[in-house]
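Working through the structure, step by step
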Amino acid sequence: MEIDKYLYHMRLSEETLQEVSQRFGKEMEKGLGADTNPTASVKMLPTFVRSTPDGTEDGDFLALDLGGTNFRVLRVKVSDNGLQKVEMENQIYAIPEELMRGSGVQLFDHIAECLANFMEKLKIKDKKLPLGFTFSFPCHQTKLDESILVTWTKGFKCSSVEGKDVVSMLRKSIKKRGDFDIDIVAVVNDTVGTMMTCGYDDHNCEVGLIVGTGTNACYMEEMRHIDLVEGDEGRMCINMEWGAFGDDGVLNDIRTEFDREIDMGSLNPGKQLFEKMISGMYMGELVRLILVKMAKEGLLFGGRLTPDLLTTGHFETRYVSAIEKEKEGLQKAHEILTKLGLEPSHEDCVATHRICQIVSTRSANLCGATLAAVLRRIKENKGVDRLRSTVGVDGSVYKKHPHFARRLHKTVRKLLPDCEIRFVRSEDGSGKGAAMVTAVAYRLAAQHKARQKILEALKLSHEQLLEVKQRMRIEMEKGLGKETHAEAAVKMLPTYVCSTPDGTEKGDFLALDLGGTNFRVLLVRVRNGMRRGVEMHNKIYSIPVEIMQGTGEELFDHIVHCISDFLEYMGMKGVSLPLGFTFSFPCQQNNLDEGILLKWTKGFKATGCEGEDVVNLLKEAIHRREEFDLDVVAVVNDTVGTMMTCGYEDPCCEVGLIVGTGSNACYMEEMRNVELVEGEEGRMCVNMEWGAFGDNGCLDDIRTEFDVAVDELSLNPGKQRFEKMISGMYLGEIVRNILMDFTKRGLLFRGRISERLKTRGIFETKFLSQIESDCLALLQVRSILQHLGLETTCDDSIIVKEVCTVVARRAAQLCGAGMAAVVDKIRENRGLDFLKVTVGVDGTLYKLHPHFSTVMHETVKQLSPKCEVTFLQSEDGSGKGAALITAVACRIREAGQR
């Protein structure tokens, strides 16, 4: 074991490898940061490759591979039709010595000529095929199809190419010929090509690794971490250029005298130090230097040296592979050493075998350490406990050395015990890989175009929105007119609320709020003067199903029982208070305190109520109980309550809007325009019931196939069409229908429709709000989708987010167009050139969605430039609002009595 002691520094412990791995992780961070990149040794170059293959790629592609004294032209046919297969034809062309040192123009003219020759041979000169270009020189890439050569390497010295875009030079040469045309789609680094080739067969492949003459790696990084490229959505492949790891000195403590000697004698001293410890170009040389030193110290070959052993490059890396072979290794060692003019003993052969082993093992270990850092980073990016991932590998050392691959895998497993990593040998990354990058880019572009075409129908132009505003105005006029009211879609119901609060209201009021399975009783104390404000107490009671579906008497007795309980709870038994009743069901009001129930909705079925005045039903129940007396002053719709609550804070508030589960609006109309009610003086609030806008077909030209699908499957087909395009109850369904359509067309989820996606109602509107929230990374979008049982890739998440954005934006714009019609009508009613008005708003969609309110406000501003509209969020329109309506009515009544 003399050798082991002698090469002690080359044998790296697991702790050292862990340390190297940690250091490399830090170097990656540096390369990705905008401020640290200029001084970073590991450059982490963005490649603009944003997606790996998904197996549905299809088509005919060309590839060009230039990376040495030969270059290749390939034609790659990729076909999907259920059986992923790739057919390739290629031709190798030489690059004469004089061209490598001539002018850039000559070089690219030669390449174009060879391309023409190849296309001629395959009879495809008349087709315009997409081409991927593997250009294996250090480049600065700015787009997928733009790559600026930094410096020539590998013996090339063509003039006036450095600092220029190689794609445009090639395009110029092709154009100059004029006998064929191609579409250069992508410039690719061979490492990226390696990842992409494997990615076609294994969709988990997100790392490419090359260990051959040189070494390098690439992997898919999250866009949000790549400071050098705009945008945070999705991922991009990073070409790490990891051979330069250590160029800033971070590996000095593990570099040996032999590493330093190799570096000094190289063409690029001080550069690519990591590569010099690992790759094929240097492995044999390292062994030679060790043999020479040991021979000089009399430890080998009886101290003999030969001219051959002393010549740089005479111990080739392929010798290392041969000597390490299981069976004939020692015999090979004997042959090789003899060829170098030595007369090796058996011990010399054994020692040489051990030296080769130590050098190649160190190489595999170091490579494993940096690879583990890359995989650890991917794991952290994904936020998973166990990473399942695939690494595509190429290069002569990995493929030809008998033990390198096994040792590399072992190191990665040791350093990352909690990951399942597959290694796949890549076939022809620089040729087939370049075609793959091109095929993926083509697929993404085609899919993007197809999706945009479908989403186009949901994007409304300024003209279309103006048209919606004008139609809403026409429908409003119909609903207000005596002759047209009966067949009008937008009913424009009079509410008999004729004034908004003026701030002098005071007193104690009761409010009832019935609009669903819960029922609230509130005591609202309104004060004026110095201590102006509203103080509220309330209690919530449930309504059992048997009462919702029993008789009307039972229902109203239950309500009165709850009021009685509340008064006792507040210690106010026997007090007679004015009461406002928020009754959120379709009613016809003939007076402020009279509301005739037209029909039950929301699961209520109590008999003997439809067609009756709910105030009477309530009064009768109070009399049956004979415990207290209440003065029922007003029946209120929640939209009107919303307007009144805000009106108490802001006297300019004359419009109410709700955009939540459903949608509706109300506003103060001139009495002279409310033809259904006698009288010309003053104003009255009109409950528009605008959700039914479009039920007569007037919106059919902007409704999409998705709106139609949602409508047909709803509980009330053909009804509330406007509401179905803008309110929370339906937006999720619209999104789900679009995602289904995308998936059926193979534009999403790899064309696989899961059972979950077929389930109605899985997309709750709160998910839309979460998915669109700006602070959410796509990672969280993915987890929302996974929670819905949808397996997604990163690209899928971006698409889902885009669909959510388009649907919500349209909803907000339509809502804004409706609002614009309302405020402009108020302005024209009053003959004003300019109107300042406030809209009181409530509803979950408006309050919780990250962009809805902003888009809606912008739309109103664009469509009604002569109105300055302020939006005020309302608090509790159905409770506090009902009490305020009662307070205003009492104030007016007292003034009348005076």
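Rules used in this analysis
Residues numbered from 1 in each chain as written. Predicted model: local features only at pLDDT ≥ 70, side-chain atom pairs only at ≥ 80, totals over all residues. Heavy atoms only, no water. Helix = DSSP H or I, 4+ residues; strand = E, 2+ residues; numbered from the N terminus. pLDDT = per-residue confidence, 0-100. Buried < 20%, exposed > 50% of the residue type's maximum accessible area, 1.4 Å probe, protein only. Pairing = 2+ DSSP bridges. Contact = heavy atoms within 4.5 Å. Axes fitted to C-alpha atoms, helices over the stretch in contact; angles between N-to-C directions. Phe/Tyr/Trp six-rings, centres within 6.5 Å; stacked < 30°, edge-to-face > 60°. Lys NZ or Arg CZ within 6 Å of the ring centre and 35° of its normal.

Let's shift gears to unusual backbone geometry. In this structure, Glu 689 takes a positive phi of about 50° despite not being glycine. Residue position: Glu 689 is located in the loop between strand E24 (683-687) and helix H21 (705-712). One non-glycine residue, Gln 720, adopts positive backbone phi at about 60°. Topologically, Gln 720 is positioned in the loop between H21 and helix H22 (721-726).

Further remarks concern the confidence of the model for the protein chain. Here the protein chain shows a mean pLDDT of 89. Residues at 70 or above account for 98%. Averaged pLDDT values over the elements of the protein chain bottom out at 75 in helix H25 (residues 778-787) and peak at 97 in helix H16 (residues 462-480).

As a further point, take the pairing of strand E25 (residues 835-842). Most of E25 is tucked away, with 7 of its 8 residues classed as buried. Two elements, strand E22 (residues 653-659) and E25, share 5 bridges in a ladder whose sense is parallel. By the bridge assignment for E25, Gly 656 is matched with Gly 840.

By the criterion of burial, strand E2 (residues 59-66) is predominantly enclosed, with 7 of the 8 residues buried. Inspection of the sheet shows E2 paired to strand E3 (residues 70-79) by 8 bridges, in the antiparallel sense. Bridge pairing links Leu 66 to Phe 71 in E3. Connecting the antiparallel pair E2 and E3 is a turn made up of 3 residues. One ladder, built from 5 bridges, connects E2 with strand E5 (residues 129-135); its direction is parallel.

Let us look at the side chain of Thr 52. Relative to the helices and strands, Thr 52 is located in the loop between strand E1 (45-46) and E2. Those residues in contact with Thr 52, other than ones at most four positions away along the chain, are Met 195, Met 196, Cys 205, Met 220, Val 440 and Arg 443.

One can find Lys 30 in helix H2 (residues 14-32). Those residues in contact with Lys 30, other than ones at most four positions away along the chain, are Thr 36, Asn 37, Ala 40 and Asp 248.

In a beta sheet, neighbouring strands are held together by backbone hydrogen bonds and run either parallel or antiparallel to one another. Taken together, 6 strands build an open sheet; the order of strands is E1-E11-E10-E9-E12-E13 and the sheet is mixed. Edge positions in the open sheet fall to E1 and strand E13 (419-425), since each of these has one partner strand only. As paired strands, strand E9 (residues 205-211) and strand E10 (residues 215-222) are joined by 5 bridges and run antiparallel to one another. In the strand pairing of E10, Val 211 is matched with Thr 215. Where helix H14 (residues 404-415) meets the sheet, it contacts E9 and E13, and its direction lies at approximately 160° from that of E13.

One pair of aromatic rings is described through two measures. These are the centre distance and the angle between the planes. Summed over the entire model, instances satisfying the criterion amount to 22 aromatic pairs. Summarising the aromatic geometry, the rings of Phe 585 and Phe 604 are spaced 5.1 Å apart at their centres and angled 70° between planes, so their arrangement reads as edge-to-face. One end of the pair, Phe 585, is in the loop between strand E18 (578-583) and strand E19 (587-591); the other, Phe 604, is in the loop between strand E20 (594-597) and helix H19 (614-625), and 19 residues separate them in sequence. For the pair formed by Phe 585 and Phe 604, the shared burial category is buried. Among the aromatic residues, those joined into a ring-pair cluster are Phe 133, Phe 135, Phe 137, Trp 152 and Phe 156. A cation over a ring is seen here: Lys 539 above Tyr 569, with NZ or CZ 4.6 Å from the ring centre.

Taking strand neighbours across the sheet as the criterion, the 5 strands line up as E4-E3-E2-E5-E8 in an open arrangement whose pairing is mixed. In this open sheet, the two edge strands, each paired with only one partner strand, are strand E4 (85-94) and strand E8 (182-188). Taking each pair of neighbouring strands and ignoring which way they run, the sheet shows an average axis angle of 20°. As defined by bridge partners, E3 adjoins E4 across 10 bridges and the pair is classed as antiparallel. Pairing of Val 76 across the sheet is with Met 88, part of E4. Lying on the sheet, helix H4 (residues 104-121) is in contact with E2, E3, E4, E5 and E8; it crosses E4 at an angle near 130°. Seen against the sheet, helix H5 (residues 166-177) touches E2, E5 and E8 and runs at an angle of roughly 155° to E8.

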